[in-house]
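Given next are the chains, with one letter for each unit.
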Amino acid sequence: MGALMLQGTGSDVGKSVLVAGLCRAFANRGLAVRPFKPQNMSNNAAVTVDGGEIGRAQALQAIACRTAPHSDMNPVLLKPQADRTSQLIVQGRVRGTLGSGNFREARGGLIAEVLASYHRLRAECDLVVVEGAGSPAEINLRAGDIANMGFARAVAVPVVLVGDIDRGGVIAAIVGTRTVIDPEDAAMIRGFLINKFRGDPALFEDGYRAIEERSGWPGFGVVPWLPATVRLPSEDAVVLDRAAPRGGGRRLVACPILPRIANFDDLDPLKLEPGVELAMVPPGTPIPGDAALIVLPGSKATIADLAFLRAQGWDIDIRAHHRRGGAVLGLCGGYQMLGRSIADPLGIEGPAGQVEGLGLLDVATSLAPAKVLRQVAGTALGAPVHGYEMHMGETTGPDMARPFALLDGIGPEGAISRDGLAMGSYLHGLLAAPEARSALLARIGVAGAGRDHAADVDAALDEIAAALERHVDIGGLLELAREIP
């Protein structure tokens with residue numbers, strides 16, 4: 001059939017969720033659908049069936065399509081590891097590091113690989129749903145663009161512009177986009193969607209018509225606020241600023257928010273547990289003293305984030321928690337932080353050197369350029385588990401004699417301290433398995449509810465797709481997709 005692209009009036013307008021919902025809606029109509037995002041920037045990533053990595057949002061969108069995630073779905077992934085540098089992933093593999101000063105020049109050389117990935121997807125399906133990045137209105141970034149209009153014009157894909165009414169100013173955002181972008185770019189936009197509407201859509205009828213008149217683009221619908229979205233894995237760290245207020249009567253699991261936090265969606269399954277309250281602890285706030293479990297999450301810059309953790313005084317909170325008999329779990333970078341030391345002899349994350357860890361696990365880590373990327377299965381804490389590894393570095397030490405997991409075809413993985421209170425693992429996604437999640441929660445006196453996280457995500461995607469069928473001109477979008485040569 002062809003392809004369709006969603007771009008936004010800004011970041012965090014809901015493009016990723018809408019693409020996922022449309023992918024499921026189209027799949028429910030019997031179409032073979034694939035998601036595609038030319039360029040993404042995120043430290044939340046997933047391992048693909050071909051042994052690469054892509055942004056978490058594209059992995060979710062693949063699930064929405066009922067297909068396995070593949071590195072072609074997100075050929076360029078930038079993983080920020082400092083304020084001005086990012087690790088560059090091309091077609092699933094690490095290609096090096098880019099600084100803010102040389103990215104604009106470097107990205108132009110990536111368009112051939114972006115197009116190759118896109119055309120491979122086009123060849124295997126009925127419809128490709130493409131997600132842009134940021135906004136085409138960022139005209140200062142237009143030269144050499146491969147994420148928005150640069151890509152759209154390269155393949156002649158029709159674009160639908162998404163505006164977020166919840167943040168306010170949606171009329172100006174859409175009409176203003178038309179005003180500032182190049183006329184040839186504007187010609188690629190074939191309509192708009194209003195997203196995150198609360199209340200009666202009839203109240204926005206005049207505004208909707210004003211956008212159509214002033215922009216010259218037709219509207220394809222007003223998408224209501226979608227409660228099911230909260231049950232989907234989060235991709236962007238911006239959501240961490242919106243943590244729910246604490247309640248009572250449940251066992252508290254606390255996770256400090258580090259500057260380069262990665263794959264924090266590992267903790268999402270804990271939200272399914274009625275006996276658990278998950279608290280994401282922002283900078284400037286102590287880790288609550290009544291926490292039953294502290295989770296140190298993954299990090300894209302482990303040594304720098306460990307220094308930040310100490311600057312916040314969180315190391316003091318963690319040690320005090322441990323002395324009181326509290327459990328601590330480190331995932332990936334958090335596992336490395338729990339050890340005696342972290343060495344970076346080649347300067348992979350920054351200046352070469354070695355730092356002292358928190359010392360709750362008798363292990364040591366040395367960072368290395370080779371990246372481990374693999375999907376795994378086995379047992380963790382004696383319960384069935386499946387997930388993936390995504391890390392740079394090798395960890396060794398006596399506490400690995402008490403492994404956290406036993407992986408099929410690989411063997412022992414992770415470590416548990418002699419007192420059983422500190423645990424570390426490189427396994428992402430382990431909490432999605434209800435048995436493994438229940439085994440962990442049993443250590444803090446909580447009976448796991450046994451809910452299947454994957455089934456809950458799948459049901460949420462169906463709810464979102466059903467809402468889009470009610471509120472969006474799906475047929476009109478399909479007609480647009482058919483126009484692509």
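Residues numbered from 1 in each chain as written. Predicted model: local features only at pLDDT ≥ 70, side-chain atom pairs only at ≥ 80, totals over all residues. Heavy atoms only, no water.

A.B. asks: Would you mind showing me how to read the overall build of the chain here?
C.D. replies: Each helix and strand in the chain was counted, giving 14 helices and 27 strands. For 485 residues, the compact-globule estimate of 2.2 N^0.38 gives 23 Å, and the chain sits close to it at 23 Å. Here the chain, with 485 residues, has 57% of them falling under the buried criterion. Computed over 46 positive and 54 negative side-chain charges, the separation of the two mean positions in the chain equals 2 Å. (Helix = DSSP H or I, 4+ residues; strand = E, 2+ residues; numbered from the N terminus. Rg over C-alpha atoms; globule rule 2.2 N^0.38 Å. Buried < 20%, exposed > 50% of the residue type's maximum accessible area, 1.4 Å probe, protein only. Lys, Arg positive; Asp, Glu negative; His and termini not counted. Charge placed at Lys NZ, Arg CZ, Asp CG, Glu CD.)

A.B. asks: I'm lost on the confidence of the model for the chain in this one. Help?
C.D. replies: Low pLDDT marks stretches whose predicted atomic positions should not be read closely. Of the residues in the chain, 96% reach a pLDDT of 70 or more, and the chain-wide mean stands at 93. Of the regions scoring below 50 in pLDDT, residues 241-246 engages in 7 contacts with residues more than four places distant in sequence or in other chains. (pLDDT = per-residue confidence, 0-100. Contact = heavy atoms within 4.5 Å.)

A.B. asks: Looking at this structure, how should I read the environment of histidine 391?
C.D. replies: Positionally, histidine 391 belongs in strand S22 (residues 383-396). Residue classification places histidine 391 among the buried positions, given a relative accessible area of 7%. C-alpha of histidine 391 to C-alpha of glutamine 7: the two residues are 384 residues apart in sequence and 31 Å apart in space. Setting aside chain neighbours within four positions, we find histidine 391 in contact with Cys332, Ala370, Lys371, Val372 and Tyr426.

A.B. asks: So what exactly am I meant to see when it comes to the environment of valine 47 here?
C.D. replies: Looking at the element boundaries, valine 47 is found in strand S4 (residues 45-47). The sequence separation of valine 47 and serine 71 amounts to 24 residues, and the corresponding C-alpha distance is 8.5 Å. Excluding residues that lie within four positions of it along the chain, valine 47 makes contacts with Gly52, Glu53, Leu373, Arg374, Gln375, Tyr388, Glu389 and Met390.

A.B. asks: It is not clear to me how the pattern of salt bridges should be interpreted in this structure. Could you clarify?
C.D. replies: If the charged atoms of two oppositely charged side chains come close together, the side chains can form a pair. All chains considered together, the criterion is met by 31 salt bridges. Glutamate 389 is the salt-bridge partner of arginine 374, the closest N and O atoms lying 3.1 Å from each other. On the criterion of sequence distance, the pair formed by arginine 374 in strand S21 (residues 364-380) and glutamate 389 in strand S22 is long-range, its members being 15 residues apart. Look at arginine 374 and you get partly exposed, because its relative accessible area is 34%. Several salt bridges share partner residues, and in doing so they unite Arg142, Arg153, Asp182, Glu184 and Asp185 into one network. (Salt bridge = Lys/Arg side-chain N within 4 Å of Asp/Glu carboxyl O.)

A.B. asks: Is there a simple way to think about the pairing of strand S16 (residues 291-296) in this case?
C.D. replies: Note on strand geometry: in a regular strand, side chains alternate between the two faces of the sheet. Of all 6 residues that make up S16, 6 are buried, and the element is covered over most of its length. In the sheet, strand S13 (residues 251-256) pairs with S16 via 3 bridges, with the strands oriented parallel. Pairing of valine 253 across the sheet is with leucine 293, part of S16. The sheet contact formed by S16 and strand S18 (residues 327-331) spans 4 bridges and is parallel. Opposite leucine 293, over in S18, you have alanine 327 as the bridge partner. (Pairing = 2+ DSSP bridges.)

A.B. asks: Help me out: how do you make sense of the nonpolar core in this one?
C.D. replies: Soluble globular proteins tend to bury their nonpolar side chains together. Grouped together as the largest cluster of nonpolar side chains are 61 residues, with contacts concentrated most on Leu293, Leu296, Leu309, Ile318, Leu329, Phe404 and Ile444. At 6 residues, the largest contribution of residues to this core is made by S16. In contact with leucine 296, other than residues within four places in its own chain, are Pro256, Leu309, Ile318, Leu329, Gly330, Leu331, Gly334, Met337, Leu338 and Leu358. Residues Cys125, Met149, Phe197 and Ile484 belong to the second largest nonpolar core, which totals 44 residues. (Core = buried A, V, L, I, M, F, W, Y, C linked by side-chain atoms within 4.5 Å.)

A.B. asks: Whenever I open this one, the side chain of glutamine 61 confuses me. Can you help?
C.D. replies: Note that glutamine 61 resides in helix H2 (residues 56-64). Once residues lying within four places of it in the same chain are set aside, the contact partners of glutamine 61 are Ser16, Val19, Ala20, Cys23, Pro35 and Glu131.

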